[in-house]
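Here is what each chain is made of, one letter per residue.
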Amino acid sequence: MQTTHIEHIGIAVKDLNKAIRFYEDVMGLHCYNIEEVVDQKVRTAFFMAGETKIELLESTSGDGPVAKFLEKRGEGVHHIAFAVKGIGEALSQAQENGIQTIDKEPRKGAEGLDIAFLHPKSTFGVLTELCENKKK
Ligand code: CMX
């Protein structure tokens, strides 16, 4: 696949407002967007760190993927998202290489990106997201 850069790093947090204060007051970054992704049961906050975004994830429901992660593993890095060219083809190539994909087809994620997840059991323990900004 054609991977261009790390688009964002997703970090699961218990309290979004508290974590935003750390990234703004201590790390000197600016939170430029807060968005709820209803189907993923998360509220997200975004910061630019150079070319790469930091995406904070707070669960909005006790049974969402981030709630489960926090319960099992606690706060911390939840996923790494790679920007790719041609996400449909990239996902098919991953499947052809025997990688277990969580999404069978790309779908819409935060900030209007097309996204698809690869299962951490197939990717050395790191939940891996492929994403493409089709508006660019
Ligand atoms: N990173 C690494 N490993 C993870 C993980 C993560 N983020 N989430 C779960 N796992 C591991 C668990 O620790 C567990 O490992 P063990 O079997 O060794 O204990 C295994 O995967 C299964 O975990 P689980 O708690 O039973 O969780 P599920 O299988 O129900 O779901 C996953 C795991 C990755 C399939 C699910 O979280 C998922 O579909 N994620 C993709 C969607 C998502 O995360 N959305 C939130 C972000 C959305 C956004 O960025 O907008």
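Before reading further, recall that the structure is shown in the block above.
Anyway, here's the lowdown on the structure attached to this text. (Residues numbered from 1 in each chain as written. Predicted model: local features only at pLDDT ≥ 70, side-chain atom pairs only at ≥ 80, totals over all residues. Heavy atoms only, no water.)

**Some remarks on the packing of aromatic side chains**
Inclusion rule: The rule is short: rings of Phe, Tyr and Trp, with Trp giving its six-membered ring, pair when the centres are within 6.5 Å, and they are stacked under 30 degrees, edge-to-face over 60, tilted in between. Secondary structure elements are defined from DSSP: runs of H or I of at least 4 residues count as helices, runs of E of at least 2 residues count as strands, and each element is numbered from the N terminus. Exposure is judged per residue with a 1.4 Å probe applied to protein chains only, and the accessible area is read against the type maximum: over 50% gives exposed, under 20% gives buried, and values in between give partly exposed.
Summed over the entire model, instances satisfying the criterion amount to three aromatic pairs. Ring geometry for Tyr 23 against Phe 47: centres 5.4 Å apart, planes inclined by 40 degrees, an arrangement best described as tilted. Note that Tyr 23 is positioned in helix α1 (residues 16-26) and Phe 47 in strand β3 (residues 42-49), a separation of 24 residues in sequence. You can call Tyr 23 buried: its relative accessible area is 15%. With centroids separated by 6.2 Å and ring planes inclined at 40 degrees, the aromatic side chains of Tyr 32 and Phe 46 adopt a geometry described as tilted. With Tyr 32 in strand β2 (residues 31-37) and Phe 46 in strand β3, this pair connects stretches of sequence that are 14 residues apart. We classify Tyr 32 as partly exposed; its relative accessible area is 35%. Each residue in the set Phe 22, Tyr 23 and Phe 47 is aromatic and connected to the rest through ring pairs, giving one cluster.

**Describing the sheet that holds β2**
Under the convention used in this document: Two strands qualify as a pair provided DSSP detects at least 2 bridges between them. Should any heavy atoms of two residues lie within 4.5 Å, those residues are considered in contact. Every angle, taken between N-to-C directions, lies between 0 and 180 degrees, and every axis is a line fitted to C-alpha atoms, over only the stretch in contact when it is a helix.
Strand order in this open sheet of eight strands is β2-β3-β4-β1-β5-β8-β7-β6, and the pairing throughout is mixed. Single-partner strands in this sheet number two, and they are β2 and β6 (107-108). Taken together, the nine bridges between strand β1 (residues 2-12) and strand β5 (residues 76-85) define a ladder with antiparallel strand orientation. Each bridged residue has a counterpart across the sheet, and for Ile 11 the counterpart in β5 is Val 77. Taken strand by strand, α1 contacts β1, β2, β3 and β4 (52-59), and its axis lies near 5 degrees from that of β3. Packing of helix α2 (residues 65-73) onto the sheet brings it into contact with β1, β3, β4 and β5, and relative to β5 it is tilted by some 135 degrees.

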